[in-house]
Each structure stands twice: as structure tokens, then as C-alpha cells.
Amino acid sequence: MLLMSFAYIFIFGLLIDRICKQFKVPSLVGFLFLGIVLGPHVFNLLDGGILDLSADLRQVALIIILSRAGLSLDLKGLLKVGRPALLMCFVPATFEILGTALLAPSILGISRIDALLLGTVLGAVSPAVVVPKMIKLIDKGYGMDKQIPQIVLAGSSADDIYVLVLFSSFLGLAQGGDFQASQLLNIPVSIVLSILVGGLVGAGLNAFFKRFNWSSISQVVFLLGFSFVFVSLEKTFPQVPFSGILAVMSMGILINRLDGNRAQDLSRYYNALWIPGEILLFVLVGASVNLPYAFQAGWLPILLIALVLCFRAVGVLISLSRTNLSLQERAFSVIAYLPKATVQAAIGGIPLAMGLPAGEIILTVSVVAILLTAPLGAFGIDLTYRKWLKQK
């Protein structure tokens, strides 16, 4: 049954991909709904084993696309941008968390601390949705004159760390613990440590490949192996402030910086790996969506999500203030920062699993956020980038 589940995912996934392209619909939208249909709340065609492995399989798919992102990221261009890229790592998420804390108690009838916890669940942009789209723009040369894809790429990868640290802090507070302000120091420590470790390994591997002349496919296997090590270290030593996915990106960035031709060659293999990886990632995210919760909640979660996205948009615009971006380019950045999927699927159910009274509504809102914003962001990016961004 496990193998049959993979057969359903890949065969139907490829068919859905072709249909979506025919109707000019982002493929990930089709994959999400395919996951819902195959999942336990509709036809229940996926084996329990694959659902148990879902988090790990999604992590593998994320590693593939984040490695590809690192190998294509122009470090020089990103450093030139500077301040806006840094602000995008935490300002939009902060605005969304504050907006949720202000509005959720009156709209959903939950406490202020539960609202803060919900804000951290909603606050992360989904790298699984955003990163492939930005890589596509880099490959086609859209927005490259002002490094817009790089700004969005950098922010969408780093803001997850910021949000997850806050989620852990507010979760302890919701359980009756104390908020430790010192925990916020974990955010810069995690970013610096992850970039340092990933960069050193990337530089070391680049020298190793050059010295022993490994084939490109062997180099990809090495990179995947070290990527798995980074993510495993993060889980094995949770007390150490370290982000495996940021280390993965940093490893690719350093290889690109040291040897652009090698990075370009490796990217072609990651592009091929992303074909099954994208299908697997979004189908499994869709399968994790709990439809009964979403339908029970009615329209109030939709109202809350719409309002806090306005707060998020203000945060993006503040981050991009004092730049030479046009109004349309700023509007595009707002749209690119809307999608939510993987982080919400990963942590949305934790408060319920821990027995918190607001756990069910937090899970419900996170599910509705995935269903609304992942397609909205994907459609928005595809519909606007040709009109609003310049092609280099």
C-alpha cells in the first residue's frame, strides 16, 4: 500500500501538473487539492506509513529547493541590497503577529497570549511556495536589476527562524510558563551560526570537489548528504540555536560564490530532482489539511487572515522604504510575501496536541491560511511578475 500511495502521488501529480499548465494555473494549487482528495478526510487513499513519514519527506523536498536557491543566489547582489533584505527577515512577520494579537481576541474569542501564539503560527512565509517562484524569476531575469527575487528569497528563508523561536517562547507561556526575553538572543545566534557552518562546509566541499574531480551527480549526492546532516543536527540538539535549512542555503551560496560554473552545473541536477520533489511536497501538505476543522470554523478565520495580511503588507512596505523600487515592484513584493503552507502545516497542530484550550481554533486558522494564501500568493506572483518587474 505504501508503494501504491507513491504511485497515486506521482502519476496523478504529473497529470494534474499538465492540466494546470494547460489552464495557466500554478501547479502547486493542483498538488495541494490533490493531496486533500487523496488524504484521510476525502478518499483516504494514502497509506498511514507515508503520512507518518510526511514531515520527513516534506523536509527532503524543501532541502532540494533550498539547495537550488543557494546555488542560484547572487551573494554580491544581495549584499548591495543590504538593509531591505535584513528587514524583510523579521519586520513583516512582526507586524502580522502584532495584528493577530490585537484582532484575534475579539474575532475568535481567545486570550491575548493564545492570540500571540496564533500569530507566530501564521507569521512565517512559506519557502516551499516562494523559493521555486523566485528561482523561476532569477532564471528568466525578472526583477534582477533591483535584486527583488533575492530580497524575497533571503527574507522568506530567515523569517522562519525568527517565527519559530517566538512560537516556542509563546507556547511555553501559554502552558503557564514564563517568557524569557533572553530566548530572543537565539534568533541572531541561530542565523550567524547557521550561515557560518553552512558556508564553511560549502567552501570545504568546493575545494574537495576541485581536488578530486568528482562527477556532478556524485557532488549532488555529497551536498544532499551534508544537507541531511544539518537538518538532523537541528533536531538532535534542539538546545543549540541552529537552523538546518539556512545552513543548507548558505552551503549552496558559498559554492556559487567560489565557483559559479560548478553551481550552475549542480543546479541542473537539482532542477531535475525538484520535479518529483515539488509534487511530493505539496501533495503531502494538502494531505495534512484537516477539512472538517476548516468547515466548522465558518468565515471568522477568513476575516482574521484577511485583516492580519494587511498588517503584513504594511511590514513589507516599511521594509522596502527608502529603496528605489517602484510602486508596482513594492506591490509585487507584498504579494510574494503572502503564501503560507509548510510552517503552518508543521506547527499548526502542536498546541492542540499539547492540550491547549485554543489548540483547535489555532489549527483551524492555520489550515484556512494554507488553503487561502498558498493559491493566492502563487496566482498573484504568476499574474504580476511579467507586468510589474523589468526583465534584465
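Remember, it's a predicted structure, so these values are computed and weren't measured experimentally.

Participant: What is the right way to look at the overall build of the chain in this model?
Facilitator: Helix and strand counts for the chain come out as 20 helices and zero strands. The C-alpha atoms of the chain give a radius of gyration of 20 Å, which matches the 21 Å a tight globule of 392 residues would have. Here the chain holds 392 residues, and the buried ones make up 55% of them. For the chain, contacts bridging at least 24 residues in sequence account for 82% of all contacts bridging at least 6. With an accessible surface of roughly 16600 Å², the chain has 67% of that area assigned to carbon and sulfur atoms. Where the 27 positive side-chain charges of the chain centre and where its 19 negative ones centre are 12 Å apart.

Participant: Honestly, a positive patch on the surface in this entry has me stumped. Any pointers?
Facilitator: The grouping of Lys 76, Lys 80, Arg 257 and Lys 392 at the surface amounts to a positive patch. Mapping Lys 392 onto the fold places it in the segment after helix H20 (359–388).

Participant: I'm lost on the nonpolar core in this one. Help?
Facilitator: Nonpolar side chains in soluble globular proteins tend to be buried together. By size, the foremost hydrophobic cluster in this structure holds 121 residues, and its most contacted members are Ile 9, Leu 118, Met 134, Phe 282 and Phe 332. In contact with Ile 9, not counting residues within four places along its chain, are Leu 34, Leu 38, Leu 46, Ile 50, Ile 279, Leu 280, Val 283 and Leu 284.

Participant: It is not clear to me how unusual backbone geometry should be interpreted in this structure. Could you clarify?
Facilitator: The phi torsion of most residues other than glycine is negative, and most of the peptide bonds are trans. The backbone phi angle of Asn 213 is positive, close to 55°, even though this residue is not glycine. Position of Asn 213 relative to the elements: it lies in the loop between helix H11 (186–212) and helix H12 (216–236). If you check the backbone angles, Arg 322 has positive phi at about 60° while not being a glycine. Within the secondary structure layout, Arg 322 lies in the loop between helix H16 (300–319) and helix H17 (327–336). Owing to a relative accessible area of 74%, Arg 322 belongs among the exposed residues under this scheme.

Participant: Explain the environment of Leu 66 here, please?
Facilitator: By secondary structure assignment, the location of Leu 66 is in helix H4 (residues 54–72). Considering only alpha carbons, one finds Leu 66 and Ser 157, 91 residues apart in sequence, at a separation of 8.5 Å. When sequence neighbours within four positions are dropped, the list of residues in contact with Leu 66 reads Pro 127, Val 131, Ser 157, Ile 245, Val 248 and Met 249.

Participant: Looking at this structure, how should I read the packing of H12 against helix H14 (residues 260–288)?
Facilitator: Two quantities define a packed helix pair, namely the angle between the axes and the distance from one axis to the other. The N-to-C vectors of H12 and H14 enclose an angle of 75°; their axes lie 10 Å apart at closest approach. In this view, H12 runs roughly perpendicular relative to H14, as classed from their interaxial angle. Here H12 contributes Ser 216, Ile 217, Gln 219, Val 220, Leu 223 and Leu 224 to the contact with H14, which in turn contributes Arg 262, Asp 265, Leu 266, Tyr 269, Tyr 270 and Leu 273. Considered class by class, the residues forming the contact of H12 with H14 number eight nonpolar, two polar and two charged.

Participant: Would you explain the packing of H11 against helix H13 (residues 244–258) in this entry?
Facilitator: With their axes 7 Å apart at the nearest point, H11 and H13 run at an angle of 45° to one another. Comparing the axis directions of H11 and H13 gives the class oblique. Viewed along their axes, H11 and H13 form a crossing whose handedness is right-handed. Of H13, the residues touching H11 (which contributes Ile 191, Ser 194, Ile 195, Gly 198, Gly 199, Val 201, Gly 202, Ala 203, Leu 205 and Asn 206) are Leu 246, Ala 247, Ser 250, Met 251, Leu 254, Ile 255 and Leu 258.

Participant: Is there a simple way to think about the packing of aromatic side chains in this case?
Facilitator: Each aromatic ring pair is described using two quantities: the centre-to-centre distance and the angle formed by the ring planes. Under the definition given, this model contains 11 aromatic pairs. Relative to Phe 209, the ring of Phe 208 has its centre 6.2 Å away and its plane inclined at 50°; by these criteria the two rings are tilted. Residue class for Phe 209 comes out buried when judged on its relative accessible area of 1%. A ring pair is formed by Phe 208 and Trp 214, whose centres lie 5.8 Å apart and whose planes are at 35°; its orientation type is tilted. When its relative accessible area of 27% is taken as the criterion, Phe 208 is described as partly exposed. Judged by relative accessible area, which is 33%, Trp 214 ranks as partly exposed.

Participant: Mind showing me how you'd approach the environment of Asp 159 here?
Facilitator: Here Asp 159 lies in helix H10 (residues 148–174). For Asp 159, a relative accessible area of 0% gives the class buried. Linking Asp 159 and Tyr 270, residues 111 residues apart in sequence, is a C-alpha distance of 24 Å. Not counting residues within four places of it along the chain, the set of residues in contact with Asp 159 comprises Met 88, Cys 89, Ala 93, Gly 123, Ala 124, Val 125 and Arg 312.

Participant: Even after reading the chapter, I still don't get the pattern of salt bridges, so can you show me in this structure?
Facilitator: Two side chains carrying opposite charge are able to pair once their charged atoms lie near each other. For the coordinates displayed, the defined rule picks out 11 salt bridges. Where Asp 259 meets Arg 262, a salt bridge forms, and the shortest distance between an N and an O atom there is 3.4 Å. Taking relative accessible area as the criterion, Arg 262 reaches 13% and is therefore assigned buried. Through salt bridges with shared partners, a single network forms among Glu 96, Asp 159, Arg 312 and Lys 340.

Participant: How do you make sense of H13 when you look at a structure like this?
Facilitator: Since the α-helix turns once every 3.6 residues, residues separated by three or four places project in the same direction. Compared with the 21 Å implied by 1.5 Å per residue over 15 residues, the 21 Å span of H13 between its first and last C-alpha is a close match. The buried count for H13 comes to 12 of 15 residues, which makes it a mostly enclosed element. Those residues of H13 lying buried are Gly 244, Ile 245, Leu 246, Ala 247, Val 248, Met 249, Ser 250, Met 251, Gly 252, Ile 253, Ile 255 and Asn 256.

Participant: Would you mind going over the side chain of Gln 219 with me for this structure?
Facilitator: Tracing the chain through its elements places Gln 219 in helix H12. Given a relative accessible area of 4%, Gln 219 falls into the buried group. A distance of 3.2 Å separates a polar atom in the side chain of Gln 219 from a polar atom in the side chain of Arg 262. Beyond its immediate sequence surroundings of up to four residues, Gln 219 is in contact with Phe 209, Trp 214, Arg 262 and Leu 266.

Conventions used here
- The numbering scheme is per chain: residues are counted from 1 as the chain's sequence reads.
- Under the rules for a predicted model, residues below a pLDDT of 70 receive no local features and side-chain atom pairs below 80 are neither given nor counted, while totals for whole chains, interfaces and linings still include all residues.
- Side-chain measures here rest on the full set of heavy atoms in the structure, leaving out hydrogens and waters.
- We count a stretch as a helix when DSSP gives it H or I for four or more residues in a row; a strand needs E for two or more, and each element gets its number in order from the N terminus.
- The quantity called the radius of gyration is restricted to C-alpha atoms. Its globule counterpart is 2.2 Å times the number of residues to the power 0.38.
- Buried residues are those whose accessible area, probed at 1.4 Å on protein chains only, stays under 20% of the maximum for their type, while exposed residues exceed 50% and partly exposed ones sit between those limits.
- In what follows, residue pairs with any heavy atoms lying within 4.5 Å of each other are defined as contacts.
- We get accessible surface area from the Shrake-Rupley algorithm with a probe of 1.4 Å; when it comes to residues, only the shown protein chains can shield them.
- Lys and Arg are tallied as positive, Asp and Glu as negative. Neither His nor the chain termini are counted.
- We put the charge of a Lys on NZ, of an Arg on CZ, of an Asp on CG and of a Glu on CD.
- Candidate patch residues must exceed 30% relative accessible area and have no salt bridge, after which like charges are joined if within 9 Å and Val, Leu, Ile, Met, Phe, Trp or Tyr side chains if within 5 Å.
- The salt bridge criterion pairs a side-chain nitrogen of Lys or Arg with a carboxyl oxygen of Asp or Glu, the two atoms within 4 Å.
- Definition used in this section: a nonpolar core is a set of buried Ala, Val, Leu, Ile, Met, Phe, Trp, Tyr and Cys residues joined via side-chain atoms within 4.5 Å.
- Simply put, an axis is a line fit to the C-alpha atoms, just over the touching stretch for a helix, and the angle between two N-to-C directions goes from 0 to 180 degrees.
- The scheme is simple: roughly parallel for angles under 35 degrees, roughly antiparallel for over 145, roughly perpendicular for 65 to 115, oblique for anything else.
- We call Asp, Glu, Lys and Arg charged. Ala, Val, Leu, Ile, Met, Phe, Trp, Tyr, Cys and Pro are nonpolar, and the rest, Gly among them, are polar.
- Should the near helix be turned anticlockwise from the far one by less than a right angle, the crossing is termed left-handed; should it be turned clockwise, right-handed.
- Between 30 and 60 degrees the pair is tilted, below 30 it is stacked and above 60 it is edge-to-face, where a pair is any two Phe, Tyr or Trp rings, Trp via its six-membered ring, whose centres lie within 6.5 Å.
- One less than the residue count of a helix, multiplied by 1.5 Å, gives the span that helix is expected to have.
- N or O atoms closer than or at 3.5 Å make up a polar contact, with two conditions inside protein: a donor-capable atom paired with an acceptor-capable one, and, for residues adjacent in sequence, both atoms drawn from side chains.

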